[in-house]
Amino acid sequence: MSQHIRNLAIIAHVDHGKTTLVDQLLRQGGAFRSNQVVAERVMDSMDLEREKGITIKAKNTSVHWRDNIINIVDTPGHADFGGEVERVMKMVDGVMLVVDAYDGPQAQTRFVLRKALKQGLRPIVFINKIDRENSNPKKVHDQVLELFLELHATEEQFNAPFLYGSARDGFAVRELTDKPTDMIPLLETILSYIPPPVADPKAPFTMLVSNIAWDDYVGRIAIGKIIGGQVTTGDMIYRVQKSGARDRCKITKVFEYSGTTTNDSTLGISGNIVGLAGFTDLDIGETLCAQETQEALPFIDIDPPTIRMEFAVNDGPFVGREGKLVTSRQIRERLDRESKGNISIQVEESERAGVFYVSARGAMQIAVLVEQMRREGYEVLVSRPVVITHHENGKLMEPFESLWLELPEETIGSVMKVLSSRKGAINQMETHPHSVTIEATIPTRGLIGFEFDLMNLTNGRGVMSHLFLEYRPHAGEISSRLTGTLVSTDTGVATSYALDQLQERGKLFITAGEEVYKGMIVGENPRSDDLPINPTREKQLSNVRSKGEGKGIQLTPPIKLTLERSIEYIAPDEYVEATPKSLRLRKKFLNPEDRKRQAKQMADLA
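Residues numbered from 1 in each chain as written. Predicted model: local features only at pLDDT ≥ 70, side-chain atom pairs only at ≥ 80, totals over all residues. Heavy atoms only, no water.

**A look at the overall build of the chain**
- A count of helical and extended segments in the chain gives 15 helices and 36 strands.
- For the chain, the residues scored as buried account for 52% of the 606 residues in total.
- Considering only contacts within the chain whose residues lie at least 6 apart along the sequence, 72% involve residues at least 24 apart.
- Accessible surface computed for the chain: about 27,900 Å², of which carbon and sulfur atoms make up 48%. (Helix = DSSP H or I, 4+ residues; strand = E, 2+ residues; numbered from the N terminus. Buried < 20%, exposed > 50% of the residue type's maximum accessible area, 1.4 Å probe, protein only. Contact = heavy atoms within 4.5 Å. Areas by Shrake-Rupley, 256 points an atom, 1.4 Å probe, with all protein chains shown as cover.)

As structure tokens, then:
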């Protein structure tokens, strides 16, 4: 039965076109009606994915073509979401590596491909965007082979088939001289090169949970590849937890994937990727089986998180104005739910009430979680990321990352200076006709806030990607933010009169008419210390002065920081207050006396 099934994951660097490629395979595989209106990047179903133009969650789809089922898993290309990729590796039997014909294989490609080759999966290489100006598919072909060698590919993996094409224009060819028509050569290569799933239809039912979905009607859905036997609606099965405990469950629904939708099915066959409902509780990595005596299936080792942030209950004066979910219990339940569906995020209680530690791969991963929580109606305080360190043979160890940069030639001096101040070490540098590529090693601490500096130094033309390397001895002090802040001493509405005088002291984050509170950060002080100010001060009336307050005052437009930039901008004694409608920066302790007391305690401990 499983001879007609193929399971593969698509892996690529951010913006190399894998989601667009899935669109074309679905179209040409007959997943849509001829007159059906289909949005671009149909697999990027989350609002945030469409806004950012990146894939965040790994998602399943299926192409039914020539009596065959090709199950495709669209995976994220950003290293922060690497956990999404790692967990689907047990679900597939091959991977399709999509590489840009101009950029070549990038950092994140390396990370995901290493995991796939280690699992023994067969790769197919698709060199995309050959219609792009200055593309060099032959050079990229050689770079991919070099990458295979570097990642210790087997001989079979090294001899992977190469195809060329354009996902946007909907064609694939086996040789560059072939006439471009459609995606059929790619579909044929998948069927001939990717092996059918190794599954035993006569064995008792067995499935490893590789993903969890949620349905408002049936609750939790376990997604995975059936390794043995088959399952039907109404079957009683066992759920083997990671601790070894076993629960008895009844399957209430079996889902199969078809195009971008799921179809109810009465039977899940061995080798197919299906969704099963009927569980009150479930974790990724658990085993579902028909017999109580069956052993649990091994799950892939997940790379550990490298950064940690505090999530705290909003204790500011404006709490509850915009969000409805503000208590520590509600925040804890939401974080627990996230950690169940996202295996690279870990949640721990802290020693302080209403404060939780959330560990992840990178600041972007946590920023996406905070943005999702905002949109769901939560109010939460978030701290600056700190790296997770440990001691080894009496030495303090911290995470280091490999960093790849592509810069305009004229900006190299200023970027090197910033890299040096962040303890970065250059490993390799190559000069191209209009740009320079740098490979460096840098502590993870040094990367926090670096992207914003890079954008400023290169006028938005710099490109960076990074990848966890290893733990090394602590690199010493890194000064991240050299400026101080303007901190409000009063609660009220900011006035033009007050801000007109304050804008000479530094850059403002607010404008007239915005509500502020005591301890809120309203601007940046060019000096390194914090400056207490009153942005609510009004013009005093007298016999001479009239009430024409604010007329003729020209305020400089305020700086509005995004969520990611806010998280990287704040100092260790500050929080980002994220609510459904607002982003505010504030001190952890709103009262200046409390801040002095805390600073004294920290100095005594040091």
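**Some thoughts on the environment of Ser350**
- With respect to the helices and strands, Ser350 occurs in the loop between β20 (346-349) and β21 (355-360).
- Here the alpha-carbon distance between Ser350 and Glu310, two residues 40 residues apart in the chain, equals 8.6 Å.
- Beyond its immediate stretch of four places on either side in the chain, Ser350 contacts Val355, Phe356 and Tyr357.
- Polar contacts involving the side chain of Ser350 include one to the main-chain carbonyl oxygen of Val355, which spans 2.7 Å. (Polar contact = N/O pair within 3.5 Å; in protein donor to acceptor, adjacent residues only side chain to side chain.)

**Regarding the packing of aromatic side chains**
- Under the defined criterion, the tally for this structure stands at 3 aromatic pairs.
- Plain terms: the ring middles of Phe468 and Tyr471 are 6.0 Å apart, the flat faces sit at 65° to each other, and that makes the pair edge-to-face.
- Where Phe509 meets Tyr569, the ring centres are 5.7 Å apart and the plane angle is 80°; that geometry is what we call edge-to-face. Linking Phe509 in the loop between β31 (507-508) and β32 (515-516) with Tyr569 in helix α14 (residues 563-569), this pair joins segments that are 60 residues apart in sequence. The two residues Phe509 and Tyr569 agree in class, both being buried.
- Of note, Arg122 hangs over the ring of Tyr193, and the distance from its end group to the ring centre comes to 5.0 Å.
- Against the face of Phe400 rests Arg472, its NZ or CZ located 5.5 Å from the ring centre. (Phe/Tyr/Trp six-rings, centres within 6.5 Å; stacked < 30°, edge-to-face > 60°. Lys NZ or Arg CZ within 6 Å of the ring centre and 35° of its normal.)

**Topic: the environment of Val144**
- Structurally, Val144 is set in helix α5 (residues 137-150).
- Using a relative accessible area of 0% as the deciding quantity, one classes Val144 as buried.
- Spatially, the C-alpha atom of Val144 lies 9.9 Å from that of Arg110, the residues being 34 residues apart in sequence.
- With near-sequence residues (within four places) excluded, Val144 lies in contact with Leu97, Val99, Pro105, Val125 and Phe162.

**Description of the packing of helix α10 (residues 412-421) against helix α12 (residues 450-457)**
- α12 packs onto α10 with a crossing angle of 160° between their chain directions and a minimal axis gap of 10 Å. When the axes of α10 and α12 are compared, the pair comes out roughly antiparallel. In this structure, α10 crosses over α12, and the sense of that crossing is right-handed. Packed against α10, whose contacting residues are Ser414, Val415, Val418 and Leu419, the element α12 presents Phe450, Asp453, Leu454 and Leu457 at the interface.
- For the contact of α10 with α12, the class distribution of residues is 6 nonpolar, 1 polar and 1 charged. (Axes fitted to C-alpha atoms, helices over the stretch in contact; angles between N-to-C directions. Parallel < 35°, antiparallel > 145°, perpendicular 65-115°, else oblique. Left-handed = near helix turned anticlockwise from the far one by under 90°. Nonpolar A, V, L, I, M, F, W, Y, C, P; charged D, E, K, R; others polar.)

**A look at the nonpolar core**
- In terms of nonpolar packing, the biggest core is built from 65 residues, with Leu21, Leu25, Met96, Phe126 and Leu186 touching the most fellow members.
- Per-element accounting of this core gives the leading share, 6 residues, to helix α7 (residues 184-193).
- If you look at the next biggest cluster of nonpolar residues, it comprises 29 residues, including Met309, Ile345, Ile366 and Val576. (Core = buried A, V, L, I, M, F, W, Y, C linked by side-chain atoms within 4.5 Å.)

**Quick look at the pattern of salt bridges**
- For the coordinates displayed, the defined rule picks out 35 salt bridges.
- Its salt-bridge partner being Arg321, residue Glu515 comes within 2.7 Å of it at the nearest N-O pair. Taken together, the positions of Glu515 in strand β32 and Arg321 in the loop between β19 (307-312) and α8 (328-341) put the pair 194 residues apart, joining distant regions of the chain.
- Of the charged contacts, one joins Asp530 and Lys587 as a salt bridge, the two residues approaching to 2.6 Å between their closest N and O atoms. Placement of the pair is Asp530 in the loop between β33 (520-525) and β34 (531-533) and Lys587 in strand β36 (residues 583-587), with a sequence separation of 57 residues.
- Taken together, the salt bridges that share partners define one network made up of Asp100, Asp103, Lys129 and Arg132. (Salt bridge = Lys/Arg side-chain N within 4 Å of Asp/Glu carboxyl O.)

**So, the state of the cysteines**
- Scanning the entire structure with this criterion turns up 0 disulfides.
- We note that Cys249 lacks a disulfide partner, and the nearest cysteine sulfur, in Cys289, lies 9.9 Å from it.
- On the basis of relative accessible area, Cys249 is assigned to the buried category, the value being 10%.
- You can call Cys289 buried: its relative accessible area is 0%. (Disulfide = S-S within 2.5 Å.)

**Section: the side chain of Thr495**
- Looking at where Thr495 falls in the secondary structure, it is placed in the loop between β30 (492-493) and α13 (496-502).
- Among the polar contacts made by the side chain of Thr495, one reaches the main-chain amide nitrogen of Ala498 at a distance of 3.2 Å.
- In contact with Thr495, other than residues within four places in its own chain, are Ala512, Pro535, Thr536, Arg537 and Glu538.

**Comments concerning α10**
- Along α10, the positions that sit buried rather than exposed are Val415, Val418 and Leu419. Angular distribution of buried residues about the axis of α10 spans 100°; they occupy a single face of the element. Along α10, the residues that are exposed and aim more than 90 degrees away from the buried face are Lys417 and Ser420.
- Each element contacted by the buried residues of α10 is listed here: β25 (395-408), β26 (425-431), β27 (435-443) and α12.
- Backbone geometry just after α10 places Lys423 at a positive phi near 65°. (Arc of directions from axis to C-beta.)

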